[in-house]
Amino acid sequence: AGGAVYGAAIAVPPDRAAAIEALPNQVLATKAIERRLAELVAEAGRDSGYVLTLPPEHADGSPSGAPVTADNDALLETDVTDFGFRGDGDDPDIAMYVRAKARLVRMPTQKTLGESTFHFQSAPRKLNQWLDDGGKLLQKAFDALLRDLARDIVDRRLLHYPYGFM
């Protein structure tokens, strides 16, 4: 994420640049992004009538799903490929963004049924807005970003898959 933040940090004083560089760590210090996305995808799937199970690395102790088993029809893999903040100028408006991939796989043949790339970005805010009140706005925007991403993954990979799973 540091490379993604470089453009935002290059034109600001060192103390503000350090605060910008620290934003991803503030978010990730309290939430495991991959696990949270998997939980939200399972939740969005359930809301759409699908029973989604979580991969073993995310299933332990999760309220959103159970581990993948041999009798599952399909596996929806998600992968966060990039996460960070961007903005330009002396007092930049900074937007949080996340990029992810999702792949729907027929089980047990492991045939790829479809694959998509996703990119979501928050509304830009000033650094002090992100950091005010202990970073509550930052946490809220992060959760909203992942919820939007999860909903889109379910909508684009499951609800619009033209051939079903069989």
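Figured I'd write up the structure that's included with this text.

Basis of the calculations
Residues numbered from 1 in each chain as written. Predicted model: local features only at pLDDT ≥ 70, side-chain atom pairs only at ≥ 80, totals over all residues. Heavy atoms only, no water. Core = buried A, V, L, I, M, F, W, Y, C linked by side-chain atoms within 4.5 Å. Buried < 20%, exposed > 50% of the residue type's maximum accessible area, 1.4 Å probe, protein only. Helix = DSSP H or I, 4+ residues; strand = E, 2+ residues; numbered from the N terminus. Contact = heavy atoms within 4.5 Å. Phe/Tyr/Trp six-rings, centres within 6.5 Å; stacked < 30°, edge-to-face > 60°.

Some points on the nonpolar core
The biggest cluster of nonpolar side chains holds 31 residues, and the ones touching the most others in it are Leu-37, Val-41, Met-96, Leu-149 and Ile-153. Looking at this core, the elements with two or more residues in it are α3 (33-47), β1 (74-86), β2 (93-106), β3 (111-121) and α5 (127-159). If you tally residues by element for this core, the top one is α5, at twelve residues. Discounting chain neighbours no more than four positions away, the residues touching Val-41 are Leu-52, Leu-76, Thr-78, Ala-150, Ile-153 and Val-154.

Here's the deal with unusual backbone geometry
With a phi close to 60 degrees, Gln-110 is a non-glycine residue in the positive phi region. Counting through the fold element by element, Gln-110 comes out in the loop between β2 and β3.

Examining the packing of aromatic side chains
Each aromatic ring pair is specified by the distance between its two centres and by the angle formed by the two planes. One pass over the full model with this rule turns up three aromatic pairs. Ring geometry for Phe-83 versus Phe-85: centroids 6.0 Å apart, planes at 70 degrees, classification edge-to-face. Comparing Phe-83 with Phe-85, the two get one shared label, buried. For the ring pair Phe-85 and Trp-130, a centre distance of 6.3 Å and an interplane angle of 75 degrees mean the geometry is edge-to-face.

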